[in-house]
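Topology and contacts: notes
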Amino acid sequence: MPQLDQLANRVFAGRVVRKDLVRKVKVGANVPVYVLEYLLGKYCATDDPQAIETGLRVVNMNLAENFVRPDEANKAQSMVKEKGKYTIIDKVKVRYLSEDDKYWAEFVNFGHKYVHVPDQVIRENDRLLTGGIWAQVNLRHYYDDEAPGKRSPFWIDALKPIQVATFDLEEYRQGRAKFTTDQWIDLLVRTIGLELNHFDRRLKLLFLLRLVPLCEPNYNFIELGPRGTGKSFAYQELSPYSILLTGPTTVPNLFYNMVTNRMGLVGLWDAVGFDEVADLQKMKKEVVTTLKTYCESGAFARGKEALSGGASIAMFGNTNQPVEVMVRSSHLFTPLPDIIREDMAFLDRIHCYLPGWEVPKMRIEHFTDHYGFVVDYMAEALKELRRHNFTEMLDRHYTLGAHLNARDVKAARKTVSGLVKIIHPSGDFEKDELFELVEMALEVRRRVKEQLKKMGSFEYHQTSFSYIDQDTHHERYVGVAEEGGKGLISADPLAPGSVYVSSVDDQAKVGLYRLEIGSSSGTGKLKMSGSIDGMMKESIQRAFAYIQGHKIDMGISQVVDTTDFHVEAIDLLTNRTSCEAGIGFLIAIYSELKKQSVLPALIILGDLSIQGNIKAMRSLAETLQVGMDNGARRALIPLENKRNFLDVSADIMERVDPIFYGDPITAVMKSLGMN
């Protein structure tokens with residue numbers, strides 16, 4: 001048995017199950033997956049093939065002999081009467097009736113609402129009072145003419161849960177402590193039913209992000225992506241505390257029915273999912289209006305009553321175009337129905353937009369044959385964690401940047417809180433483990449904000465989301481792949497040592513690269529990656545020779561002599577057009593040594609001759625056009641190219657700010673904003 005399977009079986013004995021067994025068991029009864037997994041976890045938690053085979057026979061036999069079908073309720077009641085005692089499998093609920101001063105059990109499929117239940121059974125299985133549990137029950141038939149209140153011939157002699165009847169959060173947390181973070185994430189992904197080898201770290205976190213509405217109250221979530229990626233699986237199979245709607249709904253059904261005085265879905269379930277959200281086109285406007293209010297505060301008004309609910313809202317939909325087409329032609333909320341697609345106030349209340357296009361379509365090989373939690377046990381953990389507030393966890397190590405408004409901060413905090421509950425349920429984690437959760441939280445909220453900005457509203461223009469390390473005070477920006485059209489040039493400042501460079505070759509082809517410089521202790525050597533060759537390699541070598549000859553003038557003599565530099569060039573256009581990047585390389589070296597970022601959204605044009613003179617661009621219009629199309633808002637340009645501005649379109653001149661330089665030192669100072 002693999003190490004993770006062994007660890008899971010040792011720490012959570014009876015709480016884990018081999019996921020392939022669920023697919024193998026063929027039963028004619030409509031038993032929920034979480035009930036079936038509970039039985040398999042009880043009888044098949046071993047790696048012995050013979051023991052597993054025996055366990056499967058026991059599970060099938062129990063279900064075949066004791067499961068009550070809804071259409072056989074009268075037959076089951078007759079069996080209890082004729083035999084005097086009989087064992088059945090059914091969902092059991094318990095309620096207290098004040099007029100009888102007594103607890104009564106209700107059997108869903110057995111079809112009887114007044115079954116005598118011992119107080120001891122209720123004390124041992126408290127979930128009987130909160131929605132009920134599936135159980136194997138020994139029933140007895142007996143009329144007690146002297147019993148007060150309602151008369152009923154059915155009595156519970158013994159009740160054995162086949163679903164988690166009690167949950168100990170402290171035991172769950174102690175078990176988590178015996179796993180590394182990577183092992184725990186892998187176990188949770190296998191609990192969903194997926195095999196690890198097909199997914200990288202980011203995809204695993206996206207799968208876990210789908211679970212946040214189940215453990216974080218009043219969380220607003222949306223996932224749009226291709227069909228067949230398992231978007232709504234968790235709301236159908238993973239938890240008995242969520243409901244998935246497949247069409248339009250009404251205010252009384254979703255919120256509160258004033259005729260019957262009964263609470264709607266948001267007060268009865270932990271999460272309400274809307275599958276195929278495009279089908280909500282026929283939904284009445286008042287539903288959206290009330291939902292908008294609810295998504296903001298969890299409160300809503302019906303008649304004279306001000307009410308509240310804790311259910312999270314999750315929306316799922318299919319995309320009919322590649323994400324690149326949506327980004328280029330419109331925005332990422334295009335698949336939504338008209339009634340909410342352009343309602344920016346409603347969309348602004350969404351805490352998380354999960355990029356469903358990154359999730360692959362599910363295939364047979366994606367499903368695991370290893371151990372994962374019994375889903376009912378996992379569902380209980382998520383439900384119990386809803387009671388706990390982890391929104392302050394972010395403040396332990398980080399502060400959010402200035403571009404996040406109140407709604408952005410709330411969204412980021414709730415996403416971090418949910419992910420911490422799932423991955424670190426005790427609230428104990430290392431600083432390095434928190435940063436990836438913070439980045440994920442900022443990314444999925446920024447995706448919402450970027451679409452609102454695209455819709456043309458100035459109030460959403462601040463989208464440079466960042467977080468600040470409280471120890472080092474270093475500010476790190478978090479982007480999304482879709483920002484600014486193709487998003488090749490980020491609107492956020494790059495890390496020190498990184499710059500965007502561009503040039504045009506003699507065939508009028510434009511090259512656009514991101515140069516990245518790394519440094520380590522050494523003796524002043526230059527090391528280039530294998531992807532750098534031709535014209536770019538020569539220009540970098542000339543620029544490095546210039547640095548060696550002018551390091552005293554630049555004030556970097558000592559550090560250059562004791563540092564080795566590592567250079568990598570990323571071809572952003574993937575057109576294999578080489579680039580003259582001498583000035584860009586010079587600036588990147590200085591930026592790395594001084595640990596200061598260049599101006600945001602800046603492309604650097606120009607090169608150095610072998611004598612250290614500035615080489616002007618062959619042409620300006622093409623490089624500026626490509627830069628602007630890909631997000632550039634500033635351009636560092638050789639002074640000699642100023643006359644070429646007559647060839648530049650008015651659109652470029654309006655959207656890209658030119659910064660001219662006449663010598664290398666001036667170029668460095670202006671690019672870092674030090675002029």
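Owing to the predicted nature of the structure, the values given are computational and were not obtained by experimental measurement.

Notes on the overall build of the protein chain
Of the regular secondary structure elements, the protein chain holds 26 helices and 28 strands. Dimensions of the protein chain, computed from C-alpha atoms along their principal axes, come out at roughly 110 × 60 × 45 Å. The 675 residues of the protein chain split such that 54% are buried. Taking as baseline every contact in the protein chain between residues at least 6 positions apart, the subset at least 24 positions apart corresponds to 72%. Total accessible area on the protein chain stands at roughly 29400 Å², and carbon and sulfur atoms take up 48% of it. Between the centroid of the 83 positive side chains of the protein chain and the centroid of its 89 negative side chains there is a distance of 3 Å.

As for the sheet that holds strand β19 (residues 475-477)
Strand pairs in the sheet, formed through backbone hydrogen bonds, run parallel or antiparallel to each other. In spatial order, the strands read β17-β18-β19; together these three strands make up an open sheet with antiparallel pairing. In this open sheet, the two edge strands, each paired with only one partner strand, are β17 (398-400) and β19. Pairs of neighbouring strands in the sheet enclose a mean axial angle of 30 degrees, with direction left out of account. Note that strand β18 (residues 466-469) and β19 share three bridges and pair antiparallel. Within the sheet, the bridge partner assigned to Ile468 lies in β19 and is Glu475. Helix α20 (residues 431-454) rests against β17, β18 and β19 of the sheet, and its axis sits at about 160 degrees to β18.

With respect to the pairing of strand β15 (residues 352-355)
Along β15, one buried face is formed by Cys352 and Leu354 and the opposite face, lined by Tyr353 and Pro355, is buried too. Sheet topology places strand β7 (residues 220-225) next to β15; four bridges connect them, and they run parallel. Among the inter-strand pairings, Phe221 is bridged to a residue of β15, identified as Cys352.

Side note on the side chain of Asp343
Relative to the assigned elements, Asp343 resides in the loop between α16 (338-341) and α17 (344-347). The class for Asp343 is buried, based on a relative accessible area of 12%. Excluding its chain neighbours within four sequence positions, the residues that come into contact with Asp343 are Lys285, Val288 and Lys292.

Describing the sheet that holds strand β14 (residues 312-318)
Reading across from one edge, β8-β11-β14-β7-β15 is the order of the five strands in this open sheet, with parallel pairing throughout. Each edge of the open sheet carries a strand with a single partner, namely β8 (242-245) and β15. Averaged over all neighbouring strand pairs, the angle between strand axes comes to 20 degrees, with direction disregarded.

Overview of the nonpolar core
One finds Leu40, Tyr172, Leu209, Phe373, Ile422 and Leu442 to be the most contacted residues of the largest nonpolar core, which totals 93 residues. Broken down by element, the residue count for this core peaks at seven residues, all from α20. The residues touching Ile422, leaving out its near neighbours within four places in the chain, are Trp184, Leu188, Leu208, Leu211, Val212, Cys215 and Leu382. Membership of the second largest hydrophobic core comes to 41 residues, among which are Val251, Phe255, Val327 and Leu336.

Some details on the environment of Phe333
Among the secondary structure elements, Phe333 is positioned in the loop between α15 (323-329) and α16. Owing to a relative accessible area of 0%, Phe333 belongs among the buried residues under this scheme.

Structural notes on the confidence of the model for the protein chain
Put simply, the protein chain has an average pLDDT of 88, and 96% of its residues get 70 or more. Across the protein chain, the element-wise mean pLDDT spans from 73 in α15 up to 97 in helix α19 (residues 406-423).

Let's talk about helix α24 (residues 621-629)
Within the sequence span of α24, burial applies to Thr623, Leu624, Val626, Gly627 and Met628. Buried-residue contacts for α24 involve β20 (498-504), β21 (510-521), β24 (602-604), β27 (634-638) and α25 (650-655). Gly631 occupies a position one or two residues after α24 and carries a positive phi of about 110 degrees.

Some details on the pattern of salt bridges
Throughout the structure, instances matching the rule amount to 42 salt bridges. Notably, a salt bridge pairs Asp71 with Arg69, separated by 3.2 Å at the nearest N-O pair. When salt bridges with common partners are traced through the structure, they connect Glu296, Asp348, Arg349, Arg407, Asp408, Arg445 and Lys449 into a single cluster.

Description of the packing of aromatic side chains
Going through the model one piece at a time under the given rule, you end up with 31 aromatic pairs. With 5.6 Å between their ring centres and 45 degrees between their planes, Phe373 and Tyr377 make a pair best called tilted. Residue class for Phe373 comes out buried when judged on its relative accessible area of 0%. On the basis of relative accessible area, Tyr377 is assigned to the buried category, the value being 2%. Every member of this aromatic cluster is reached through a ring pair, and the members are Phe12, Phe167, Tyr172, Phe179, Trp184, Phe373 and Tyr377. A cation over a ring is seen here: Lys102 above Trp104, with NZ or CZ 5.0 Å from the ring centre. For Lys383, the ring lying beneath its charged end belongs to Tyr241, and the centroid distance is 4.5 Å.

Observations regarding helix α5 (residues 73-83)
Listed as buried for α5 are Ala73, Ala76, Gln77 and Val80. One side of α5 holds all its buried residues, which, seen down the axis, span an arc of 100 degrees. For α5, the exposed residues lying more than 90 degrees away from the buried face are Asn74, Lys75, Glu82 and Lys83. Of the surrounding elements, those touching the buried residues of α5 are β2 (85-97), β4 (112-116), β5 (133-141) and β6 (154-161).

What about the side chain of Thr319?
Structurally, the position occupied by Thr319 is in the loop between β14 and α15. You can call Thr319 buried: its relative accessible area is 10%.

Let's talk about unusual backbone geometry
In the Ramachandran plot, Asp101 falls in the positive-phi region, its phi being about 50 degrees despite a non-glycine side chain. Taking the relative accessible area as the measure of exposure, Asp101 reaches 58% and is therefore exposed. One non-glycine residue, Glu276, lies in the positive phi region at around 50 degrees. Within the fold, Glu276 resides in the loop between β11 (271-274) and α14 (285-297).

Reading the values: the criteria
Residues numbered from 1 in each chain as written. Predicted model: local features only at pLDDT ≥ 70, side-chain atom pairs only at ≥ 80, totals over all residues. Heavy atoms only, no water. Helix = DSSP H or I, 4+ residues; strand = E, 2+ residues; numbered from the N terminus. Buried < 20%, exposed > 50% of the residue type's maximum accessible area, 1.4 Å probe, protein only. Contact = heavy atoms within 4.5 Å. Areas by Shrake-Rupley, 256 points an atom, 1.4 Å probe, with all protein chains shown as cover. Lys, Arg positive; Asp, Glu negative; His and termini not counted. Charge placed at Lys NZ, Arg CZ, Asp CG, Glu CD. Pairing = 2+ DSSP bridges. Axes fitted to C-alpha atoms, helices over the stretch in contact; angles between N-to-C directions. Core = buried A, V, L, I, M, F, W, Y, C linked by side-chain atoms within 4.5 Å. pLDDT = per-residue confidence, 0-100. Salt bridge = Lys/Arg side-chain N within 4 Å of Asp/Glu carboxyl O. Phe/Tyr/Trp six-rings, centres within 6.5 Å; stacked < 30°, edge-to-face > 60°. Lys NZ or Arg CZ within 6 Å of the ring centre and 35° of its normal. Arc of directions from axis to C-beta.

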